Amino acid sequence: MFRFFEQLVDPFRPHPPGAPPATLGGFYWHHLRQVWPLFAALMVVGLFVALIEVSIFRYIGAIVDILDTTTPDRLWAEHGTDFLWMAAVILIGRPFFTMLHDLLTHQAIAPSFTNLIRWQNHRHVLRQSIAFFNNDFAGRVATKVIQTGPSLRESVVQVTDAVWFVVLYTVSALVLFAEADLRLALPLIVWVVLYVVVLRHFVPRTKKASEEISEARSLLTGRVVDSYTNIHTVKLFAHAEREDNFARTALEDHTAVFFAQQRLITQMTTTISVINSVLVTVVGALAIWLWQTGSITTGAIALVGGLVVRIINMSGWIMWEVQGVFENVGIVQDGITTIARPHTVVDAPRAKPLAVTGGEIRFEDVHFHYGRSKGALDGVTLTIRPGEKIGVVGPSGAGKSTLVNVFLRLYDLEGGCILIDGQDVSAVTQESLRAAVGVVTQDTSLLHRSIRENVKYGRPDATDGEMVEATELAHAADFVVDLADARGRTAYDAHVGERGVKLSGGQRQRVAIARVLLKNAPILVLDEATSALDSDVEAAIQESLETLMAGKTVIAIAHRLSTIARMDRLVVMDKGRIVETGTHAELVARGGLYAGLWARQTGGFLDLGDEAGAEGTVGGRPAKEEAAAE
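Residues numbered from 1 in each chain as written. Predicted model: local features only at pLDDT ≥ 70, side-chain atom pairs only at ≥ 80, totals over all residues. Heavy atoms only, no water.

(A) Quick peek at the overall build of the protein chain. Check the secondary structure of the protein chain and you find 20 helices and ten strands. In summary, the protein chain has a C-alpha radius of gyration of 36 Å against a globular reference of 25 Å for 630 residues, an excess of more than 25%. The dimensions of the protein chain, computed from C-alpha atoms along their principal axes, are 125 × 50 × 45 Å. Counting the 630 residues in the protein chain, one finds 47% classified as buried. Of the contacts formed within the protein chain by residues at least 6 apart in sequence, a portion of 77% connects residues at least 24 apart. (Helix = DSSP H or I, 4+ residues; strand = E, 2+ residues; numbered from the N terminus. Rg over C-alpha atoms; globule rule 2.2 N^0.38 Å. Buried < 20%, exposed > 50% of the residue type's maximum accessible area, 1.4 Å probe, protein only. Contact = heavy atoms within 4.5 Å.)

What follows is the structure, encoded as structure tokens:
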């Protein structure tokens, strides 16, 4: 039975493509329409639950009147059928519909619908541009994705549950009170009006406070996660107290809006308590007076008294349900501001997979300024022949990394185009473009998963044998076999920690190189791929990289010029433009920007003449390794 209800919603079902609507109603319907039959069923079941609850109080009044007007010897003969019907409703109907309500809520809706929302929103957010993530805390984004699901679900369930109880209890109470005596309905009508006025006054204010608290919670989470993620930097600079203050500011803001919200809640509950107390007093006194005048029966007093007490208890529950609805709506509305943003880098409507036939790359008058008026790339034109290996060098801020970013289409160009074998990268699918390029960056980041999973990230369908071979070629196998994590997993099954923090910089870079070796893409981008390695390991890996580069088109960004001196051609960038191209020897002989960079990197290390520098015969590793690139 449980499994049947648990399988009614598949969280991973196909869903409408594109960004979820940015409006509150549209966002709710975007998700609800996928499971609307469940909520329709929940409303029907909720109707029967509410009807049975109201009927119980009618039964109480009826029983009192029956006992008051019937002698014991005639009780079962005259009213036995009535008692059996009441018993059937209470003993069979009430548990059955309550169980059905709980099965729909807790088995069918709560787990699966919540995770359906999370899954679909996560898939959308994961495909956002790099700029989207650069402009926000990862922890803040994750918090909104995770908490929007249960808040949306809970607000809809609360409304579905509360609506029948509000309508049925109010209407039924008015009808039953009027049946006993019309005057009994008057205090209830006044109470309903006052109750609605109180809710109209406090609920919108509470909703706004909930939005503010959700935003403050997300900011607090983002700051705390930021400190934890960068714990090495915090420790190295001895800034624990500074991070305390960073989190404390967010916590103080959270506390302030929390206080404001709780003040509203206290004011609302106190006001409701006062009007509830007045209702009990007035209805009780009125009922006793009407009984004294013979206008109502003892059973009517029992009905009125029980129903008023139930209404008072329900008013508290409904108040919290309404409060919960608006609090959850506030959280959803806050989440929409992050989740429902449209993708800024999208595939063209008829984008085709990239087909790499030779690996020729052409940058044609490429402009990109990160949305500013100038900077980054300004009219870059460059052709890289199939199988050619070029090195890109230049001062910090010259545009080298930006060139690679737009080549991988992490950003859309502001002018010009980039072609691979004649195919505009903006006209092919992003997935196929990046699948055709192997990238090793200087700032290597690993997933908090096993070595096996990190290496196979380059080619998930690779065999374990191919994965091990790649780690051996990257000279990573020696340290991998000695790895162990806190859960006892060893070697290739050991987890590397968040962003790979359990490994040294050199070890992370070797795993990243193994990943690219395994991927074996036709185009290779190396952004100082061996910067974190010692000389011996670098020399050994250089052989593996040269084997990998054979027959491939290669773009290598170099901070250490000695590592790219043997490239087919060097491209020198400055202020977003290409200012020099040529071989190492040609550029040194030319005496331009590259020659100056080379002289600064080698001048304090070996006593080299201009001729030796021009020949590019420097051996070993420069002692002064200034970052000549970004």
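The discussion continues.
(B) View of the environment of Gln147. Relative to the assigned elements, Gln147 resides in helix H6 (residues 138–180). The class for Gln147 is buried, based on a relative accessible area of 13%. Other than its neighbours up to four places away in sequence, Gln147 contacts Ser214, Arg217, Ser218 and Ile331. For Gln147, the side chain forms a polar contact with the side chain of Arg217, separated by 3.4 Å. (Polar contact = N/O pair within 3.5 Å; in protein donor to acceptor, adjacent residues only side chain to side chain.)

(C) Representation of the sheet that holds strand S4 (residues 415–420) within the structure. The antiparallel open sheet is built from four strands, whose spatial order is S2-S1-S4-S5. Whereas interior strands pair on both sides, the edge strands pair on one side only; in this sheet they are strand S2 (377–384) and strand S5 (423–424). Pairing between S4 and S5: two bridges, direction antiparallel. When the bridges of S5 are listed, Leu419 appears paired with Asp424. Of the strands in this sheet, strand S1 (361–368), S2 and S4 touch helix H11 (residues 400–407), which is tilted by about 110° from S1. (Pairing = 2+ DSSP bridges. Axes fitted to C-alpha atoms, helices over the stretch in contact; angles between N-to-C directions.)

(D) Representation of the UniProt feature "transmembrane region" (unreviewed entry) in the protein chain in the model. Within this numbering scheme, the UniProt entry marks residues 38–63, 162–178, 184–203 and 271–290 as carrying the feature "transmembrane region" (unreviewed entry). As annotated, residues 162–178 comprises 100% helix and 0% strand, and the C-alpha atoms at either end are separated by 24 Å. (UniProt positions renumbered as here; feature names shortened; annotations may be inferred.)

(E) Geometry of the packing of helix H7 (residues 182–229) against helix H9 (residues 240–292). Remark: H7 packs on H9, axes separated minimally by 9 Å, with the N-to-C direction vectors making an angle of 170°. With respect to their mutual orientation, H7 and H9 come out roughly antiparallel. The two elements H7 and H9 cross, and the hand of that crossing is left-handed. A per-class count over the contact of H7 with H9 returns 31 nonpolar, nine polar and seven charged. (Parallel < 35°, antiparallel > 145°, perpendicular 65-115°, else oblique. Left-handed = near helix turned anticlockwise from the far one by under 90°. Nonpolar A, V, L, I, M, F, W, Y, C, P; charged D, E, K, R; others polar.)

(F) Structural detail: the nonpolar core. One finds Phe39, Phe113 and Leu184 to be the most contacted residues of the largest nonpolar core, which totals 79 residues. Of all the secondary structure elements, the ones that give two or more residues to this core are helix H2 (24–32), helix H3 (36–69), helix H4 (72–126), H6, H7, H9 and helix H10 (298–339). No other element matches the 15 residues that H10 contributes to this core. Ignoring sequence-local partners within four residues, the contact set of Phe113 consists of Val9, His31, Leu32, Val35, Phe39, Ala108, Leu152 and Arg153. (Core = buried A, V, L, I, M, F, W, Y, C linked by side-chain atoms within 4.5 Å.)

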